[in-house]
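Architecture at a glance
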Amino acid sequence: MAAPAILGFFIFTLGPLIASLILSFTDYSITNDFRFIGVSNYKRLFSGEDSFFYKALSVTFYYVALAVPISLTAAFIMAMLLKNNVKGRAFFRSVFYLPSVVPVVATSTIFIWLLNPDIGLLNQILRFLHLPTSMWIYDEKTVIPTMAFMTVWTTGGTMLIFLAGLESIPEQYYEAVEIDGGRLWHKLTAVTLPMMTPTIFFNLIMGIITGFQSFSEAYIMTEGGPNNASLFYVLYLYREAFTHLRMGAACAIAWVLFVIIMILSALIFRSSRTWVYYEGDK
């Protein structure tokens, strides 16, 4: 029974992984025969010869630094609200989760209209309230913060994971806090947050990985603009591979991303020893 799974892993995962690593040391461009050029692709990236490399890195790091805390905080707050035994709880859980299963193309198309500076709903509301309007995704300064706040729309999956973690916390812990005279704040800081650290840790890792792989929103909504202000790393990789047909260079770009994610994940795993609490720990 395991043989098909193992075979599939070698054919569809390990094989392409090794092939991409080999191609990253070539000048492969689909239409031409390739030759090995050593680490030239990597030198071209880190030397600054390709100015888009560091631009894409800075844009992506900026986006991840904003989007991950925003999405985790929003998902955690929604989970806290939905944990309460209120009327229609199942309905509200479905409503909050539903946007996360809507195709990215549809979501991006809706937001293009919502964020239109002239006829978009958000600016219309701001005008009605006599507040300053914004250019949203059409301005270099606001495009990344806007796209980071858009992640709140698709935090349904993260919210469900937080909700599962919240519901696994034994009620007697909260009762003990009440007996000691604790209030909601004490329950949050002394019970909820410590007991939720494994779930927060998991969602943090997944959020960072997903953030660095962001592509569709920028590709559909801004095409990397304005002035490459939303040139996400994977969009830059896509351009290199499928616009300029430099597949060898694109493989090198992909491997740099792999290493970055691995390093960040390792650092977070290492730091987790100091802040992640497991119930069996003493």
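Notes on the structure follow. Only a predicted model underlies this, so the values are computations on that prediction, with no experimental measurement involved. (Residues numbered from 1 in each chain as written. Predicted model: local features only at pLDDT ≥ 70, side-chain atom pairs only at ≥ 80, totals over all residues. Heavy atoms only, no water.)

Structural notes on the overall build of the protein chain
- Helices and strands together make up the secondary structure of the protein chain, namely 13 helices and 0 strands.
- The order of α-helices and β-strands along the protein chain, N terminus first, is α-α-α-α-α-α-α-α-α-α-α-α-α.
- Dimensions of the protein chain, computed from the C-alpha atoms along their principal axes, are close to 75 × 55 × 40 Å.
- For the protein chain, buried positions account for 39% of its 282 residues.
- Across the protein chain, the fraction of contacts at a sequence separation of at least 24, relative to all contacts at a separation of at least 6, is 64%.
- Here the protein chain carries 17 positive and 17 negative side-chain charges, and the mean point of each set is 3 Å from the other. (Helix = DSSP H or I, 4+ residues; strand = E, 2+ residues; numbered from the N terminus. Buried < 20%, exposed > 50% of the residue type's maximum accessible area, 1.4 Å probe, protein only. Contact = heavy atoms within 4.5 Å. Lys, Arg positive; Asp, Glu negative; His and termini not counted. Charge placed at Lys NZ, Arg CZ, Asp CG, Glu CD.)

Describing the packing of helix α3 (residues 51-83) against helix α8 (residues 156-167)
- The geometry of α3 relative to α8 is characterised by a closest axis approach of 8 Å and an angle of 50° between their N-to-C directions. With respect to α8, the axis of α3 lies oblique. Classified by chirality, the crossing of α8 by α3 is right-handed. Seen from α3, the contacting residues are Leu-72, Ala-75, Phe-76, Met-78, Ala-79, Met-80, Leu-82 and Lys-83; seen from α8, they are Thr-158, Met-159, Phe-162, Leu-163, Leu-166 and Glu-167.
- Residues of the contact of α3 with α8, tallied by class, amount to 11 nonpolar, 1 polar and 2 charged. (Axes fitted to C-alpha atoms, helices over the stretch in contact; angles between N-to-C directions. Parallel < 35°, antiparallel > 145°, perpendicular 65-115°, else oblique. Left-handed = near helix turned anticlockwise from the far one by under 90°. Nonpolar A, V, L, I, M, F, W, Y, C, P; charged D, E, K, R; others polar.)

Here's the deal with the environment of Ile-220
- Secondary-structure assignment places Ile-220 in helix α11 (residues 216-221).
- A C-alpha to C-alpha distance of 10 Å links Ile-220 and Phe-111, two positions 109 residues apart in sequence.
- Contacts of Ile-220, omitting those with residues within four sequence positions, involve Val-104, Val-105, Ser-108 and Ile-112.

Quick look at the side chain of Thr-155
- With respect to the helices, strands and loops of the structure, Thr-155 is situated in the loop between α7 (143-150) and α8.
- Overall, the relative accessible area of 3% leaves Thr-155 in the buried class.
- Among all residues touching Thr-155, those that are not within four sequence positions of it are Ser-71, Ala-75 and Met-78.

As for the packing of α3 against helix α10 (residues 184-212)
- For the pair α3 and α10, interaxial distance at closest approach is 10 Å and the crossing angle is 140°. Judged on the interaxial angle alone, α10 and α3 are oblique. As α3 runs across α10, the sense of the crossing is right-handed. Touching Thr-60, Phe-61, Tyr-63, Val-64, Val-68, Leu-72, Phe-76 and Met-80 of α3 are Leu-188, Thr-192, Leu-193, Met-196, Asn-203, Leu-204, Gly-207, Ile-208, Gly-211 and Phe-212, all from α10.
- Looking at the contact of α3 with α10 residue by residue, the classes come out as 13 nonpolar, 5 polar and no charged.

A short note on the pattern of salt bridges
- In the structure shown here, the tally under the stated rule is 7 salt bridges.
- With a closest N to O distance of 2.5 Å, Glu-178 and Lys-187 form a salt bridge.
- Among the residues examined, Lys-187 registers a relative accessible area of 16% and is labelled buried.
- The network of salt bridges with common partners includes Arg-44, Asp-50, Glu-240 and Arg-246. (Salt bridge = Lys/Arg side-chain N within 4 Å of Asp/Glu carboxyl O.)

What to know about unusual backbone geometry
- In this structure, the amide linkage connecting Gly-225 to the following residue, Pro-226, adopts the cis form with an omega of -5°.
- Its identity is not glycine, yet Trp-136 carries a phi of approximately 50°, on the positive side.
- Along the chain, Trp-136 turns up in the loop between α6 (121-128) and α7.
- On the basis of relative accessible area, Trp-136 is assigned to the buried category, the value being 18%.
- Phi angles above zero are rare outside glycine, and Leu-245 is one such case at about 60°.
- On the secondary structure map, Leu-245 appears in the loop between α12 (233-243) and α13 (247-275).
- Looking at Leu-245, the relative accessible area reads 32%, which means it is partly exposed.

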